[in-house]
Amino acid sequence: MAHSHNHAPPTLNSKDINRSFLIGIALNAAYVVIELFYGWKIGSTALLSDAVHNIGDISGLLLAFLAFRLLRFKPNSVFTYGLKKGSVLASFINSILLAFAIGAIAWEGVRHILNPHNINGNIVMIVAAIGIVINFSSALLFRNKKKDDLNIKAAYWHLMADALVSLGVVISGLIIKYTGWNLVDGIAAILVALVILGSTWSLFKDSIIAMMDGVPSEINTHEITSHIKEVAGVAGVHHIHIWSMSTNENALTSHIVVEDLNDIPRIKADIKEELKEHNITHSTLEFELIEEKCLEKNKL
């Protein structure tokens, strides 16, 4: 038997990610203070409820930031992969927080429809417009990195959700100002909640799969198997397992049947290269000759 291991570091730039999280948290914290102040001053439940929603999202950003920091912990005798899996747990918590935020937005929308009240449309529009700029700008910090990590994806959608909520508040404030239809504020909140629901479901599903060591949604096991079999010198592939080590690292273990053990160095290099193309950065391969009989069951 022969074994090979491939440990490739994540491609994310730690310094850039840290800066993005810190800037996003600081900007949103400042905006929450503004919303709370003016919401209390003019008695706007729309601004106050959005401020509470933003506080929840700041907590989500802090969780995501903590999870990203966990990726830097080195393996030890107890946690042989380090604390990478903690990032998956954090992404799950983030999806739950976002789901609660959606519920809060929808509930507030229904309440405003049933019990509309007069508010200062001008102040609501100005404060909400500031929120659009802050949240959208913060989201852009994570846009190009959200495909590489579930927690960064969660941060991106948290911020985009806030920007959409703020946009809804601006539009409702504008309509209220010129028509006096106060219930529009509640209708806008419900529509925004429905838009956010789609992205939240995707995040929740991906995090559950990762927690259960399932195959990441972006990876096709049969496609991986087919590509490995196409490598010259590979006679077969079985016992293939693929899972997420963290929110930005995927792992694979497999038995590779070869025609000649002398070809293993070249075959191993070719397989590694193929796996990298499919975002699998950690691989453990066991090589067997065709005449060997593997005793394990449940071959894939």
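Fair warning: this is a prediction, and the values are worked out from it, not measured in the lab. (Residues numbered from 1 in each chain as written. Predicted model: local features only at pLDDT ≥ 70, side-chain atom pairs only at ≥ 80, totals over all residues. Heavy atoms only, no water.)

> How would you sum up the packing of aromatic side chains? Please name residues and give values.
Aromatic rings considered in pairs are described by the distance between their centres and by the relative angle of their planes. Overall, the coordinates contain five aromatic pairs when judged by the stated rule. A centroid spacing of 5.7 Å and a plane angle of 55° characterise the contact between phenylalanine 21 and phenylalanine 65, whose relative ring orientation is tilted. Here the residue phenylalanine 21 occupies a position in helix 1 (residues 14-42), and phenylalanine 65 occupies one in helix 2 (residues 45-70), the gap between them amounting to 44 residues. For the pair shown, phenylalanine 21 and phenylalanine 65 are each scored as buried. A ring pair is formed by phenylalanine 37 and tyrosine 38, whose centres lie 5.0 Å apart and whose planes are at 85°; its orientation type is edge-to-face. In this structure an aromatic cluster arises from ring pairing among Phe21, Phe65 and Phe142. (Phe/Tyr/Trp six-rings, centres within 6.5 Å; stacked < 30°, edge-to-face > 60°. Helix = DSSP H or I, 4+ residues; strand = E, 2+ residues; numbered from the N terminus. Buried < 20%, exposed > 50% of the residue type's maximum accessible area, 1.4 Å probe, protein only.)

> Talk me through the pairing of strand 2 (residues 234-244); I want residue IDs and the actual numbers.
Counting buried residues along strand 2, nine of its eleven residues qualify, which places the element largely inside the surrounding structure. Judged from the eight bridges that link them, strand 2 and strand 3 (residues 250-258) form a sheet pairing that is antiparallel. Within strand 3, the residue paired with isoleucine 242 across the bridge is leucine 252. In this structure, the hairpin formed by strand 2 and strand 3 is closed by a connection of five residues. (Pairing = 2+ DSSP bridges.)

> Could you give an account of the side chain of glutamate 286, with specific residues and numbers?
Mapped onto the elements of the fold, glutamate 286 is located in strand 4 (residues 282-289). Classification of glutamate 286 by relative accessible area gives buried; the value is 17%. Here the side chain of glutamate 286 touches histidine 255 through a polar contact of 3.3 Å, side chain to side chain. (Polar contact = N/O pair within 3.5 Å; in protein donor to acceptor, adjacent residues only side chain to side chain.)

> Provide a residue-level description of the pattern of salt bridges, including the pertinent values.
Under the counting rule described, the total for this entry stands at two salt bridges. We note a salt bridge from lysine 85 to aspartate 213, for which the minimum N-O separation is 2.7 Å. Placement of the pair is lysine 85 in helix 3 (residues 85-114) and aspartate 213 in the loop between helix 6 (184-211) and helix 7 (221-229), with a sequence separation of 128 residues. We note a salt bridge from arginine 266 to aspartate 270, for which the minimum N-O separation is 3.4 Å. Within this pair, arginine 266 and its partner aspartate 270 are both found in helix 8 (residues 264-277), separated by four residues, close to a single helical turn. (Salt bridge = Lys/Arg side-chain N within 4 Å of Asp/Glu carboxyl O.)

> Outline the confidence of the model for the protein chain, listing residues and values.
Across the protein chain, pLDDT averages 80, with 89% of residues at or above 70. Across residues 5-11, where pLDDT falls below 50, the model places 14 contacts with residues more than four positions away in sequence or in other chains. Predicted confidence is poor over residues 295-299, with pLDDT under 50, and the contacts of this stretch with residues over four places away or in other chains come to seven contacts. (pLDDT = per-residue confidence, 0-100. Contact = heavy atoms within 4.5 Å.)

> Outline the pairing of strand 3, listing residues and values.
Within strand 3, eight of the nine residues are buried, which leaves it mostly tucked inside the rest of the structure. Bridge analysis of strand 3 against strand 4 gives eight bridges, and the strand direction is parallel. Looking at the pairing, leucine 252 lines up with serine 283 of strand 4. Of the crossover connections in this fold, the one passing from strand 3 over helix 8 to the parallel strand 4 is right-handed. (Right-handed = clockwise from strand over helix to strand, strands pointing away.)

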